[in-house]
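Chain by chain, the residues run as shown.
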Amino acid sequence: MRIKYIPPGPNQLVLDFGFDTDVIEVDVVEQDVFLQGDVHNIRNMLPYLYLDQHEDVAMAEKRFQEGKGYMFTNGTGTGKAQPLTSKIMTPNGWKLMKDIRVNDYVISSTGKKTKVLGVYPQGIKEIYEVIFSDGSKTQCCKEHLWETQTLYQRRKMSGSIKSKAGKPKIRTLLEIQNSINEQHFIPIVLPIELEEIKLEIPPYIMGSLLGDGNFTHNSLGFSSNDFESVLEIEKLLPNDLSINLKNNNGFRSPQYYINVITPKRESNGTFSQHKWLKILRDFKLQGLTSKDKFVPEIYLKGSIQQRTELLQGLLDTDGTVDKKSKSPYFSSTSIHLAESVAYLVRSLGGTSVIKNKKSTYTYDGEKKDGLPSFVVSINLPKEIIPFKLKRKLDLYSPNTKYPPRRKIVSIEYINKQEAQCIAIEDQRHLYVTDDCILTHNTLIGCGLAYRFYVQDKKDIIIVVPTDQKCIDWIEEGAKVGLDIYQLQGIKDSGYEICVTTYANFYQNEAINTRNWDLVIYDESHYLGQNQQG
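Residues numbered from 1 in each chain as written. Predicted model: local features only at pLDDT ≥ 70, side-chain atom pairs only at ≥ 80, totals over all residues. Heavy atoms only, no water.

1. Points about the pattern of salt bridges
Applying the stated rule across the entire model yields 19 salt bridges. Here Asp-99 and Lys-98 are joined by a salt bridge, their closest N and O atoms 3.4 Å apart. Judged by relative accessible area, which is 29%, Asp-99 ranks as partly exposed. Between Asp-282 and Lys-278 there is a salt bridge, with its nearest N and O atoms 3.1 Å apart. With Asp-282 and Lys-278 both in helix H7 (residues 275-282) and four residues apart, this pair spans about one turn of that helix. For Asp-282, a relative accessible area of 51% puts it in the exposed group. (Salt bridge = Lys/Arg side-chain N within 4 Å of Asp/Glu carboxyl O. Buried < 20%, exposed > 50% of the residue type's maximum accessible area, 1.4 Å probe, protein only. Helix = DSSP H or I, 4+ residues; strand = E, 2+ residues; numbered from the N terminus.)

Right, dumping it as structure tokens:
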């Protein structure tokens, strides 16, 4: 989006919003700092220009009374957007993009929460689906930003000598699509820090029961050949529950039941219900066979430790370790469990791929097709331990040579949808979306500066409240290949793209000697605070 100032006629100001629409003419009352006119029309043309930003535009315009160049106020997005149906990770779990509000918290690349500074509806946009090497996918518009590192750049950053040419860059989806053969990799989120929640059935036991438990009768049982796993479950039981061995005839895995030590008799003479069986019934797990089991949603919202223990329970029962690669795998006839394991891995900073494996069995000498099996291949960061069982843990080795990574493999047009973008406080500007994918928030002015620069409109000045903000802009500009220079005094007009503080901007007459293509006011509410900006 651009706001172009055209030298006005008498009592007239013309704003070109950069859309394929008629130019809006807005009446201006002399000496009045407010833009007067048809606000409804402005909002239709530019839905992310809010009432309080009209004053910002007028205040900014007064600094260049001869009408030089372009003006851009903060608070307006630059078209980087995801559909309103996209999932955004928050400290309390997933939330739809349409429900994100200013001052909400979302999860950043560090796995920690960061504040939402701006929410910018973008109207109807052409939406593309982005698919990654691990099967994860999300949707966005072609102007949406990504932090990527090409295969060439990755090689430049390998070894003991790191090259600046190897640093990741901020690219639009269109840029990535036009250079997809260069193999673009995106960063992986660190383990996502969600709040610890109260779970009546400990996560490790829930994972074990989902793996080898029996929910089809009015009892709570499981089978296991690993006595170490049985001891781990027993250790986590509350004082009123115990484990009892029911069957160990040598032909089947030993059968165990979790029973109430002293059942409570109700007033009608019946015994009270097993509290864990009631919980399983409330989750609608009671009576399900192996192919229909699923992880209750609340267990996917636990803390890092809780999600790790849930994964350990699932992998101690239905997990294996490849003897050659030392990597863990999970196998189940339930697609729901496979998808939950894939999510748990991704939420813990790893990558996972689900594959469908055909199974067979022999009955009366005849080979028959079995239930489809879903196999999840797992790559975890070294700090996440996938097993508690010693025999599996001894076989496992973290993949330090090829740690978790994601590569963009496909970009396909989907349809047109209503979309919006957000701006977040985190300095790296990355937030977690569908399938725990890290994507970039809107850069607001930085993205606009880049577009002007590549069109050979290089006389750009950025005005910010503090010297630290100058440094932030210089660092952000470098990510998209922009060399931004900070003005060194009130007589310094700089060259090409410059950044300066509001204090310098107010006193610096040298900048009037340059014919600016673009003026960006960052945190433009500072304009109205006093006469000095």
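2. With respect to the pairing of strand S23 (residues 373-379)
Within S23, six of the seven residues are buried, leaving the element largely enclosed by the surrounding structure. Sheet topology note: the strand S19 (residues 328-332)/S23 ladder contains four bridges and is antiparallel. Bridging across to S23, Ser-331 finds its partner in Val-375. As judged from the seven bridges shared by strand S20 (residues 351-357) and S23, these two strands associate in the antiparallel manner. Bridge pairing in S23 links Val-353 to Ser-377. (Pairing = 2+ DSSP bridges.)

3. Observations regarding the side chain of Ser-224
You can see Ser-224 is positioned in the loop between strand S15 (221-223) and helix H6 (227-236). Residue classification places Ser-224 among the buried residues on the basis of a relative accessible area of 10%. At 3.0 Å, the side chain of Ser-224 and the backbone nitrogen of Asp-226 are in polar contact. For Ser-224, the residues in contact, after removing those within four places along its chain, are Ser-229, Val-230, Ser-253, Pro-254 and Tyr-256. (Polar contact = N/O pair within 3.5 Å; in protein donor to acceptor, adjacent residues only side chain to side chain. Contact = heavy atoms within 4.5 Å.)

4. Some remarks on H7
Residues of H7 that are buried include every one of Trp-276, Leu-277, Ile-279 and Leu-280, and no others. For H7, the angular spread of buried residues about the axis comes to 155°, placing them on one side. Phi for Lys-284, located one or two positions after H7, is positive at around 65°. (Arc of directions from axis to C-beta.)

5. Some words on the pairing of strand S27 (residues 460-464)
Burial within S27 is extensive, with five of its five residues counted as buried. The alternating pattern of S27 places Ile-460, Ile-462 and Val-464 and Ile-461 and Val-463 on opposite faces, both of which are buried. Here five bridges tie S27 to strand S29 (residues 497-501), and the two strands are oriented parallel to one another. From the neighbouring strand, Val-464 faces S29, where its bridge partner is Thr-501.

6. Observations regarding the environment of Ala-338
Within the element layout of this structure, Ala-338 appears in helix H9 (residues 335-347). Once residues lying within four places of it in the same chain are set aside, the contact partners of Ala-338 are Phe-330, Ile-354, Phe-374 and Val-376.

7. So, unusual backbone geometry
Only a minority of non-glycine residues have a phi that is not negative, and only a minority of peptide bonds are not trans. One non-glycine residue, His-429, lies in the positive phi region at around 65°. What makes His-429 buried here is its relative accessible area of 16%. Its identity as a non-glycine residue notwithstanding, Asp-456 has a phi of 65°, on the positive side.

8. Some details on the packing of aromatic side chains
On inspection of all chains with the given rule, the structure shows seven aromatic pairs. Between Phe-132 and Trp-146 the ring centres are 5.9 Å apart and the planes differ by 55°, which places this aromatic pair in the tilted class. Here Phe-132, found in strand S9 (residues 113-132), pairs with Trp-146, found in strand S11 (residues 145-150); they are 14 residues apart in sequence, far enough to count as distant. By relative accessible area, Trp-146 is classed as buried at 1%. Look at Phe-283 and Tyr-299: their rings are 6.1 Å apart centre to centre, the planes differ by 75°, and that puts the pair in the edge-to-face class. One end of the pair, Phe-283, is in the loop between H7 and helix H8 (304-318); the other, Tyr-299, is in the loop between H7 and H8, and 16 residues separate them in sequence. A relative accessible area of 25% places Phe-283 in the partly exposed class. Sitting over the ring of Trp-94, Lys-87 keeps its end group 4.9 Å from the ring centre. (Phe/Tyr/Trp six-rings, centres within 6.5 Å; stacked < 30°, edge-to-face > 60°. Lys NZ or Arg CZ within 6 Å of the ring centre and 35° of its normal.)

9. Re the sheet that holds S20
With antiparallel pairing, four strands are arranged side by side in an open sheet as S18-S19-S23-S20. One side of each edge strand has no neighbouring strand; the edge strands of this open sheet are strand S18 (319-321) and S20. For this sheet the average axis-to-axis angle between neighbouring strands, irrespective of direction, equals 25°. Sheet strands in contact with H8 are S18, S19 and S23, and its direction is about 75° off that of S19. (Axes fitted to C-alpha atoms, helices over the stretch in contact; angles between N-to-C directions.)

10. A closer look at the confidence of the model for the protein chain
When pLDDT is averaged along the protein chain, the result is 80; 78% of the residues meet or exceed 70. Long-range and interchain partners of residues 525-533, a stretch whose pLDDT sits below 50, account for 16 contacts in this model, where long-range means more than four residues apart. (pLDDT = per-residue confidence, 0-100.)

11. Structural notes on the nonpolar core
If you look at soluble globular proteins, the nonpolar side chains tend to sit buried side by side. In this structure, Ile-258, Trp-276 and Leu-314 are the most contacted members of the largest nonpolar core, which totals 55 residues. Per-element tally for this core: the top contributor is H9, with seven residues. Not counting chain neighbours up to four residues away, the residues in contact with Leu-314 comprise Gly-207, Ser-208, Leu-210, Gly-211, Val-295, Gly-319, Phe-330, Leu-337, Val-341 and Leu-344. By size, the runner-up hydrophobic cluster in this structure holds 18 residues, among which are Ile-170, Cys-446, Val-464 and Val-499. (Core = buried A, V, L, I, M, F, W, Y, C linked by side-chain atoms within 4.5 Å.)

12. Re the state of the cysteines
In the structure shown here, the tally under the stated rule is zero disulfides. With no disulfide of its own, Cys-140 lies closest to Cys-141 among cysteine sulfurs, the gap being 6.1 Å. We classify Cys-140 as buried; its relative accessible area is 1%. With no disulfide of its own, Cys-421 has Cys-141 as its nearest cysteine by sulfur position, at a separation of 8.1 Å. (Disulfide = S-S within 2.5 Å.)

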